[in-house]
Structures are given as structure tokens and as C-alpha cells.
Amino acid sequence: MCGCFSDPAYRIKGVRGGRERRVPFCTHNPHNRQTADSSAAQLRLVFVAMGLRWLWRHRVSGLLLVLALLLLLTLLATHSLQNNRRPTADRRSQKKAAEKHTSPLAPNTQKPPKHPPTARAERRRAHPPVVFLKTHRTGSSTVQNILFRFGERESATFAFPSRTYQFNYPDRFRAVFVDELPEGSSQFDLLCSHMRLDLREVRKVMPQNAVFITLLRDPVKTFESVFGYYTSTFPAFFSAYRASANKGKSALAVFLDSPETFWDPKDPGNGLAKNPMSFDMGLNNQKWNGSWPEDLAQLEEAFHLVMIAEHFDESLVLLGALLGLEHEDLAYLGLNARARNSVTELDKNMQAKIRSWNVLDTLLYDFFVQVFWEKAAQFGLDRLKAEVTRLRASTENIRRKCVSRAEVPPGDLEDLLRPWQTETATIMGYEVRGNLSLHDQGFCVRMMLPELQYHSHLYFKQYGRDMRAAPAD
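Residues numbered from 1 in each chain as written. Predicted model: local features only at pLDDT ≥ 70, side-chain atom pairs only at ≥ 80, totals over all residues. Heavy atoms only, no water.

Focus: the overall build of the protein chain
(1) Moving on: Counting its regular elements, the protein chain contains 18 helices and eight strands.
(2) Moving on: Per-residue burial over the protein chain gives 39% buried out of 473 residues.
(3) Moving on: Long-range pairs, those at least 24 residues apart, make up 72% of the contacts in the protein chain between residues at least 6 apart in sequence.
(4) Moving on: Total accessible area on the protein chain stands at roughly 28100 Å², and carbon and sulfur atoms take up 54% of it. (Helix = DSSP H or I, 4+ residues; strand = E, 2+ residues; numbered from the N terminus. Buried < 20%, exposed > 50% of the residue type's maximum accessible area, 1.4 Å probe, protein only. Contact = heavy atoms within 4.5 Å. Areas by Shrake-Rupley, 256 points an atom, 1.4 Å probe, with all protein chains shown as cover.)

This is how it looks when you write it as C-alpha cells:
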């Protein structure tokens, strides 16, 4: 029996009766093998001869065909090499796309970054940048102290004035008034020094996600405090002070009898002598005009929170919710307060005159009191009341721990804790309790540190040098 292939080796020789006839083709049969070899040799000779004849007739075309075949083979080889490399590149690109577009519902299987975010970057995610418009004589020094403590603890970068403690006040704020960004910082985190607001210029300095806050106070109390604190500073007030010498009236009463007599609107030194809060907010503080409604709307849109001094603790709770602060962060001591004998008692007639002279401040205050309570309602009034109770308890505990004596006259205070004094007002301070740990002493001293001392400390800490003095006139 010959060694023949099975069915696949059958060759069709013909069809008979509608059926295929399959004949086994045995390659191991010597006769069959010789026949096949001879036939194949003959065929090869024929094909070679035909090829040579065709090439001779079509010499040029043949040469081009050979070149074309060589080019095709080269392209195929290149393509094959690219295919061998492509899976790695594809996997890299797919991995990058997956990392960029990971579904929020998908489990996080990515490895942690080789270099994790810095502590400063993490804190910036938790606490947004802050712009605090520090208004005059509203309780703003107390809020600034809270922000100073918070910023120092978080290693925030402060936007400080390039000279002294204020941004070239009373000029409108300009970006060029800000000192340089310190080395190693990518942005400013806190701006809370005195300025006259210009929103467009402030936004050139602070990040887009900055939170804007400020503080307003009852216009009657504000103006009385501004007058008493700056009597010897503002030309209008000092003129009234001199005129009151032989009249048996307080300087404030003399001024309110005929304010237009003493007030020169063209004198830049009189900026706070009428509607001081409106002046700080960058509004037209001299008279009502058609732009006021639009200006108020812009301020409402820009400021995330306008705190109200008459509801100070409630304001701090809302501030804490906005900035992510704890009760201990919000604990405070009332700073830059005048002695009782530096405060002028106001009868109803004087109160009415102050409101009349500061009608724009009254409008500003009333408007934002309404906005404040709308935000309080959004927070939840019951929740707000409960948080205020907790804040007051926490603050009282800290005060008992820190304060040895309150309302201390400046003569009894060491230089570090003595507030700046004016010629016509006595500013009181605090004595820190003894026998505190080093940590507690640092915390308590910072709570009662006056604005200028704390400002100087933070400036030196940030820049490694003292503040520049104001240029000589």
C-alpha cells in the first residue's frame, strides 16, 4: 500500500453522473514523482524563456517595474517596523487619556505622585485667597488681627503696601502700590491693609478666586469715632476743633452745626470727613449721583460677605463658614478701642445731624444690613444662633486664659503691646497673663498685638527687611 495523503490530497479529475470523481494522488509512487518532476522542469524552462523574451522587448518598462517593486518592499519593511513600535506608544497615549478623563465614579487605581503637593498648596485648596477692605473706625482692626493670625499660621503670602502701613491712602488703590511678590511665592493670599477701593486694580493683584469681605458699622457711631480719632489729622475736623475753643461745645457739636463751613471737598485730606465708609468703598462720597444704584449693585456682586459691626459675632460665624475657620481661629479681643473719656456722648439732635451729613453712608449701611440678613437666612438662623453661642463660649475661655487686664492705658503697656496714639484720643490695650507656656504666650500676645506692630512683624518675616518709609513731601 502506498503512502498516500488523506482526503485533502485528493485531486478532482472529472465528474461522472453528477458526482465528483476523486483520485488519490500518491507522491510517494516513483513513477508519479518522476513524471511530476519532469513536467515541472519543463514548465520552469518555458516560463524562464518567456520572461527573458518579455524583458528584452520591454527593457525600460522592466527596469521601472523592478524599481517599483524595490520601493514597495522598502515601504512594507518600514511599515512593519512602525507596527512593532506602535503598541508601546499607543499604551502610553491611552494611559495619559485615561488619567486625564478618569470617570468620577471609577475607582482610583493611580499611584500617588512622586512629588506630592506642598503643604502650602494643600492649604490654599482649603482656604481661598482673601481681600479684606479695612474700613476706618468700624472694628476692622479686630478682623484684621484674626486674618493676620490665620495668615501667619498658614504661611500665607501677604499683599503688603510697598511703603508704610497703607496703600498710599487716600488715593484710590493701584496695583503698583503693592510690594513685590516674595521669592518662592506664586501668588498673594491675603490683602488686608487700609486702602480706598478700586475693584479693577485689586483684581490685578489677587487671584481670580479671591474672597472679598469688608465690615460696616452704624454710620452715627462710625462718624463719631472717625471724628474723635482724627480730630487733629483732617483739616475740616481740626478747624472745628480750634473754633470750639471758646464756645463751650465739643468740637464735634461745632462741626455738625455747620459742616460746610469747615469742609473743603477739594482737599484730599478731607476724604473721611463725610460719608467715610462710602469713601473707603470707592464710591462718590460727596453727593448722590445717578451711578450710585449701579455702583451698589457692583459692590454687592463683588463682595462675598459684608460684615456688620452691630452683629459682630454673627458676622464672624459667616466669615468662618466662608473661609473654613474654626472657633479658635475666630476668637478675638476688641482692638484699637478708645478710652471712655475719648468718646463723645451724642444726643438725638446730634445723631440726626450726623445721619443728615452722612446720608450716603446711611444708605450704604442699610442696604448691606439687608443683604447680611439674607445671607444669614441662607446659612440658617437657628444654626447661626447655635454657632454664635459656641463662638462666644470659646472666645470667653481664651480671653480668660490670655488676658490679665483689659482697657489698660497706654502708659502702663510695654512698647510691644501699646497701640498707636492720636493727639485727641487715648487708645487702650491689654496685658497678657503671666505663667503661660511658650506656645500659649505666643498665641495670646498675637491676639492683642496692635496693628502696626503685627504688620511690621509679618512684613519682616515675609521679606527679611523693615518696611520702607513714606517718601518725604
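So that's the structure; there's more coming.
Quick word on the packing of aromatic side chains
(1) Moving on: Scanning the model with the defined rule gives 25 aromatic pairs in all.
(2) Moving on: Judged by centre distance (5.8 Å) and plane angle (90 degrees), the ring pair of Phe 223 and Phe 237 falls under edge-to-face. A residue pair is termed long-range when its members are at least 10 positions apart, and Phe 223 in helix H6 (residues 219–229) and Phe 237 in helix H7 (residues 235–243) qualify at 14 residues. The same class applies to Phe 223 as to Phe 237, namely buried.
(3) Moving on: Both rings, one in Trp 263 and one in Trp 357, keep their centres 5.3 Å apart while their planes meet at 90 degrees; by these two values the pair is edge-to-face. In this pair, Trp 263 is assigned in the loop between helix H9 (259–262) and helix H10 (276–280) and Trp 357 in helix H14 (residues 348–357), connecting sequence segments 94 residues apart.
(4) Moving on: Residue Trp 263 is classed as buried on the basis of its relative accessible area, which comes to 8%.
(5) Moving on: Look at Trp 357 and you get buried, because its relative accessible area is 6%.
(6) Moving on: The structure contains a cluster of three or more aromatic residues connected by ring pairs, namely Phe 223, Phe 227, Tyr 229, Tyr 230, Phe 234, Phe 237, Phe 255, Phe 262, Trp 263, Trp 357 and Trp 420.
(7) Moving on: Against the face of Trp 357 rests Lys 274, its NZ or CZ located 4.3 Å from the ring centre. (Phe/Tyr/Trp six-rings, centres within 6.5 Å; stacked < 30°, edge-to-face > 60°. Lys NZ or Arg CZ within 6 Å of the ring centre and 35° of its normal.)

Quick look at the pattern of salt bridges
(1) Moving on: Summed over all chains, the structure comprises 20 salt bridges.
(2) Moving on: Across the salt bridge formed by Lys 204 and Glu 201, the nearest N and O atoms sit 2.7 Å from each other. Residue Lys 204 and its partner Glu 201 are located together in helix H5 (residues 199–205), separated by three residues, close to a single helical turn.
(3) Moving on: On the basis of relative accessible area, Lys 204 is assigned to the exposed category, the value being 57%.
(4) Moving on: Salt-bridge contacts for Lys 401 lead to Asp 440; the nearest nitrogen and oxygen are separated by 3.7 Å. One end of the pair, Lys 401, is in helix H16 (residues 381–402); the other, Asp 440, is in helix H17 (residues 438–448), with 39 residues separating them in the sequence. (Salt bridge = Lys/Arg side-chain N within 4 Å of Asp/Glu carboxyl O.)

Re the environment of Val 131
(1) Moving on: With respect to the element layout, Val 131 can be found in strand E3 (residues 130–133).
(2) Moving on: A relative accessible area of 1% places Val 131 in the buried class.
(3) Moving on: In this structure the C-alpha to C-alpha distance between Val 131 and Met 206, which are 75 residues apart in sequence, comes to 7.8 Å.

Thoughts on helix H11 (residues 292–302)
(1) Moving on: Residues of H11 that are buried include every one of Trp 292, Leu 296, Leu 299 and Ala 302, and no others. Seen along its axis, H11 keeps its buried residues to an arc of 130 degrees; they face one direction. In H11, the exposed positions that point more than 90 degrees away from the buried face belong to Glu 294 and Glu 301. (Arc of directions from axis to C-beta.)

Some points on the confidence of the model for the protein chain
A low pLDDT means the predicted coordinates there should not be read in detail.
(1) Moving on: The predicted model of the protein chain averages 82 in pLDDT, with 73% of residues at 70 or higher.
(2) Moving on: Note on residues 1–60: pLDDT is under 50 here. Beyond four places in sequence and across chains, it has 28 contacts.
(3) Moving on: Counting interchain partners and residues more than four positions distant, the pLDDT-below-50 stretch residues 77–118 has four contacts. (pLDDT = per-residue confidence, 0-100.)

Brief notes about the packing of helix H4 (residues 140–153) against H17
(1) Moving on: One can describe the packing of H4 onto H17 by two numbers: an axis separation of 9 Å at closest approach and a directional angle of 145 degrees. Here Asn 145, Arg 149 and Glu 152 of H4 lie close against H17, whose contacting residues are Phe 443, Arg 446 and Met 447.
(2) Moving on: The residue inventory of the contact of H4 with H17, partitioned by class, reads two nonpolar, one polar and three charged. (Axes fitted to C-alpha atoms, helices over the stretch in contact; angles between N-to-C directions. Nonpolar A, V, L, I, M, F, W, Y, C, P; charged D, E, K, R; others polar.)

Things to note about the environment of Ala 406
(1) Moving on: Tracing the chain through its elements places Ala 406 in strand E7 (residues 403–408).
(2) Moving on: The sequence separation of Ala 406 and Gly 429 amounts to 23 residues, and the corresponding C-alpha distance is 6.6 Å.
(3) Moving on: Once residues lying within four places of it in the same chain are set aside, the contact partners of Ala 406 are Gly 429 and Tyr 430.

A short note on the nonpolar core
(1) Moving on: Among the nonpolar cores identified, the biggest contains 84 residues, and Leu 147, Met 195, Met 206, Phe 303, Leu 364 and Phe 368 are the most heavily contacted of them.
(2) Moving on: Counting residues per element, this core draws most heavily on helix H15 (residues 359–379), at nine residues.
(3) Moving on: In contact with Leu 147, not counting residues within four places along its chain, are Val 130, Phe 132, Phe 158, Leu 190, Cys 192, Ile 213 and Leu 323.
(4) Moving on: One finds Tyr 169, Phe 227, Ala 240 and Leu 272 within the second-largest nonpolar core, a separate group that totals 27 residues. (Core = buried A, V, L, I, M, F, W, Y, C linked by side-chain atoms within 4.5 Å.)

Some remarks on the packing of H4 against helix H18 (residues 451–463)
(1) Moving on: Where H4 meets H18, the axes come as close as 11 Å, and the angle between the chain directions of the two elements is 25 degrees. Considering the angle they form, H4 stands roughly parallel to H18. Helix-helix and strand crossings are classified by hand; for H4 and H18 the assignment is left-handed. Residue-level contacts link Ser 141, Gln 144, Asn 145, Phe 148, Arg 149 and Glu 152 of H4 to Glu 451, Tyr 454, His 455, His 457, Leu 458 and Lys 461 of H18. (Parallel < 35°, antiparallel > 145°, perpendicular 65-115°, else oblique. Left-handed = near helix turned anticlockwise from the far one by under 90°.)

Remarks on H7
(1) Moving on: Within H7, burial applies to Ala 236, Phe 237 and Ala 240. Buried residues in H7, looked at end-on, bunch into an arc of 95 degrees, giving them a common side.
(2) Moving on: Looking at the buried residues of H7, the elements they touch are H6, helix H8 (251–257) and H9.

A short note on the sheet that holds strand E4 (residues 190–191)
(1) Moving on: Here we have four strands laid out as an open sheet, ordered E4-E3-E5-E6, and parallel in their pairing. Two strands bound the open sheet, and with one partner strand each, they are E4 and strand E6 (305–308).
(2) Moving on: Pairing analysis gives four bridges linking strand E5 (residues 211–216) to E6, with the strands arranged parallel. Its bridge partner being in E6, Leu 215 is matched across the sheet by Met 307.
(3) Moving on: The strands touched by helix H12 (residues 312–323) are E3, E5 and E6; relative to E6, the strand with the most contacts, the crossing angle is about 155 degrees. (Pairing = 2+ DSSP bridges.)

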